[in-house]
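Listed below, chain by chain, are the residues.
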Amino acid sequence: MNKTLLIFRHEFLHTIKRKGFSIMTLIVPVLALLGIGVFQLVSTISEPPVIEITTIGYVDEAGGFDQYTTQGNIELLRFNTPDDATAALINGDVSEYFVIPPDYMSTGVINRYTLEKQLETPPVIATVIKNFLTSNLLSEKVPPETVYRIEAPLKLVITRLTETGAVAPEQGGYGNVIIPAIFSLLLALSLMLSSTYLVQGLGEEKESRLIEILLSSVSVRQLLVGKVLGLGTAGLVQVVVWLVSLPLLLNLASSAFGGFIGTIQIPANFVILGIVYFILGYLLFAALSAGIGAISPNAREGQQLSMIYTMLVFFPLWFSSLLFIFPNSPIWVVLTIFPVTAPIAAMLRLGVSDIAVWELAVSIAVLGLSIIGILLLTIKVFRIYLLMYGKRPKFGEIIRSLRSG
Amino acid sequence: MPAAEVNHIFKSYADKAVVSDLSFSVARGEIFGLIGPNGAGKTTTIRMMMDIIKPDSGDVTILDEKLSEASKNKLGYLPEERGLYRKLTVIDSIVYLASLKGMDRKSATEKANELLNQTSMLPDKRKKIEELSRGMGQIIQFLVTIIHDPELVILDEPFSGLDPVNTELVKRMFVDLRNQGKAVILSTHRMNEVEELCDRILMINNGRTVLYGNLAEIKSRHRSSSVILDFEGELGEVPGVIDKRTHKGGVELVLDGNTTPQQILERLVSTGIVINRFEVATPSLNEIFLKEVGKKT
């Protein structure tokens, strides 16, 4: 058998036999779905929340605001003067009060008084006051149904159409984001874990001088390509297990729990692109880790150095809340093309919106070229720093080594 | 054709010469000693021979060619500091490393079982490497070095960490390899092991050649003109003896340049003393080394 294949086989088997890898592959997706299921179940069987009636005071100095004093679970209690309202507030009879001044109709100003320190008026209170004012202003001018519709004028239902005008099989919504989000998180964790394996493995081989025995049998290129491909294939196994099991688990969870889980769907292009980005991500991180393993004097220092790029993997996840508002902003385009963040950024964006074909093409091309480039650089520095056991080379030294060949 | 030929190799690190103009060859069917004190440049020389590091200049020919993937399969290498995959079993470690030397799994497994049996380690073959004692680990590494029946075996400090029983076992294996026509390069700072096993030697210090050639000839060249005598009786003046030095095992008689040990023996017999031991004194390799290094400094 070709020696690269032998190393590939050894690394692949060594990786998939690790406990951490098995846990990530088999247990984490199940746990993620169980988590959603448990949440759903708890929500379903819980007692309906006890609605607490809150009383808010008000002083009508403008006149004409005496109807619609029940707004949902909030009662509005009228006081004649601000002093009466203040006394009631201090006694705890009302949780707060507001004053409608005489010039309200011309200014729109409402003065609100509370004992609590607040950044701004809570939205519930603001809505209650707005609806109370609106209802009274329209009272006897329009029918009550119209008053209600003015208070709650729309309930948006979005339907995505295809270019032919038919209803698109893949609709948007949060149900669409769940799988890519879970997948991205797992991918990030998996990349971090696999980087650790490779850096640790190379560090141990250097520390134990096993690397000398290996290089007395194979070339640096065979060793590194075998290791990187072994880890990449282990990653592929992981993604295949997830992609095969997730729809199955989703169906099970959906029939068992219904509700939100029933709305979860896997975006159409996600499966293919998911596999592509997963493999490329694995290969990139394996190549980076091999480089770090090459220049690190031992496993511990290698792991510290690898934190630099493994932290970057999580970068798109930290800013994922912005993604929902501006999924196609320049920053997300950059994150989709920058090789270290590309796998996660692309996965997340696929769940939220469509990514332009050129962006995907550039992103995948940059990732592929980065893998080849980093691997070639690693092969070059590997021999130089192979026997450097006690000292980590400085950045300048590495650059000089690369220049001198 | 020699099994290994090294021509004028140089290696420096940060402008410090580690190996300077070393040349030597190793024949098939011999045990060749690469000897010198710690830091002499032995390991660097071996690493250049194994193509693990490149010489700054000079060239190395292994089994009649530059070291290639194919010729790596004919080499066995035991590095100075040893390591194996700690979590792998003994049999898996041997078979994996043997397969990297071009053996198929079936024959590697068969050969591994055979070697483990020879070294009485067959019952341990399912144990993880981390469960073995240091000495047992060393034996496994030695088996990994020779399992693929290499034509040239390079061993860097092979006896370090071995107990006397395993040292003898490994020595026997070296001799077997030589008897099979293999070339064995034994790098060590332990001169007594070299004296016992090696046919030819290269003695280096500070990366330079101190002595190179047939061990017996070197020792003969450095034979001192003295004899060791253990006797009973009264030893008076003996013609041809210019000095007497008392040692633990007897007396060393230093001869003048014109008297041979044979003549001295005849004269001693004629004095009437009882001779229990008479030995022509030969210096140890260590003494030769110290003498040669002293000359050059």
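A few points on the structure. (Residues numbered from 1 in each chain as written. Chains lettered and ligands numbered in written order. Predicted model: local features only at pLDDT ≥ 70, side-chain atom pairs only at ≥ 80, totals over all residues. Heavy atoms only, no water.)

A few words now on the overall build of chain B. Each helix and strand counted, chain B has 10 helices and 13 strands in total. C-alpha atoms of chain B, sized along the principal axes, occupy 70 × 50 × 35 Å. The buried share among the 297 residues of chain B stands at 52%. In chain B, 68% of the contacts between residues at least 6 apart in sequence involve partners at least 24 apart. As displayed, chain B has an accessible area near 13,800 Å², and 48% of this comes from carbon and sulfur atoms. (Helix = DSSP H or I, 4+ residues; strand = E, 2+ residues; numbered from the N terminus. Buried < 20%, exposed > 50% of the residue type's maximum accessible area, 1.4 Å probe, protein only. Contact = heavy atoms within 4.5 Å. Areas by Shrake-Rupley, 256 points an atom, 1.4 Å probe, with all protein chains shown as cover.)

Turning our attention to the pattern of salt bridges. Residues and elements named next belong to chain B. Inspection of every chain in the model, using the stated rule, returns 26 salt bridges over all chains. In this structure, Arg 190 engages Glu 193 in a salt bridge whose closest nitrogen and oxygen atoms are separated by 2.9 Å. What you see here is one network of salt bridges that share partners, running through Glu 168, Lys 171, Arg 190, Glu 193 and Glu 196. (Salt bridge = Lys/Arg side-chain N within 4 Å of Asp/Glu carboxyl O.)

A separate point is the sheet that holds strand β1 (residues 54-60) of chain A. Residues and elements named next belong to chain A. Strand order in the open sheet formed by 5 strands is β2-β3-β1-β4-β5, with mixed pairing between adjacent strands. The open sheet is flanked by β2 (70-71) and β5 (111-114), the only strands paired with a single partner. Its contacts with the sheet place helix α3 (residues 82-91) against β1, β3 (74-79), β4 (96-100) and β5, and it is angled at close to 170° to β4. (Pairing = 2+ DSSP bridges. Axes fitted to C-alpha atoms, helices over the stretch in contact; angles between N-to-C directions.)

Once that is clear, we can look at the sheet that holds strand β5 (residues 75-78) of chain B. All names here are of chain B. Read from one edge of the open sheet, 6 strands run β5-β6-β7-β3-β8-β9, paired in mixed fashion. Either end of the sheet is taken by a strand with one partner, and the two such strands are β5 and β9 (208-214). Put simply, the sheet's adjacent strands are angled 10° from each other on average, direction ignored. Across the face of the sheet, helix α5 (residues 134-146) comes into contact with β5 and β6 (152-156) while running at roughly 160° to β5.

Each partner contributes residues to the interface: chain B has 24 residues there, and chain A has 22 residues. Where chain B abuts chain A, roughly 2,300 Å² becomes buried across the two surfaces, and 59% of that area is made up of carbon and sulfur atoms. Of all residues in chain B, B:Ile52, B:Tyr85 and B:Leu100 give up the largest surface area on contact with chain A, accounting jointly for 28% of the area buried on that side. Here chain B is connected to chain A by 1 salt bridge. If you look at where chain B meets chain A, you find 9 residue pairs in polar contact (both at pLDDT 80 or more). At the level of secondary structure, the elements contributing two or more residues to the side of chain B that touches chain A comprise α2 (69-72) and α3 (90-99) of chain B. Among the elements that make up the side of chain B that touches chain A, the one with the highest residue count is α3(B) (3 residues). Grouping the constituent residues of the side of chain B that touches chain A by class yields 11 nonpolar, 4 polar and 9 charged. (Buried area = accessible area lost by both parts, 1.4 Å probe. Polar contact = N/O pair within 3.5 Å; in protein donor to acceptor, adjacent residues only side chain to side chain. Nonpolar A, V, L, I, M, F, W, Y, C, P; charged D, E, K, R; others polar.)

Turning our attention to the packing of α3(B) against helix α4 (residues 105-118) of chain B. Residues and elements named next belong to chain B. Two elements in contact, α3 and α4, have axes separated by 9 Å at closest approach and are oriented at 130°. Here α3 is positioned oblique relative to α4, judged by the angle of their axes. For the element pair α3 and α4, the recorded crossing hand is right-handed. For the pair formed by α3 and α4, the contact residues are Val 90, Ile 91, Ile 94, Val 95 and Ala 98 on the first element and Arg 105, Ala 108, Thr 109, Ala 112, Asn 113 and Leu 116 on the second. For the contact of α3 with α4, the class distribution of residues is 8 nonpolar, 2 polar and 1 charged. (Parallel < 35°, antiparallel > 145°, perpendicular 65-115°, else oblique. Left-handed = near helix turned anticlockwise from the far one by under 90°.)

Along a regular strand, successive side chains alternate from one face of the sheet to the other. Residue and element names in this part refer to chain B. The buried count for strand β12 (residues 250-255) comes to 6 of 6 residues, which makes it a mostly enclosed element. Pairing of strand β10 (residues 226-232) with β12, which is carried by 4 bridges, proceeds in the antiparallel orientation. Bridging across to β12, Leu 229 finds its partner in Val 251. Between the antiparallel neighbours strand β11 (residues 241-247) and β12 lie 2 residues.

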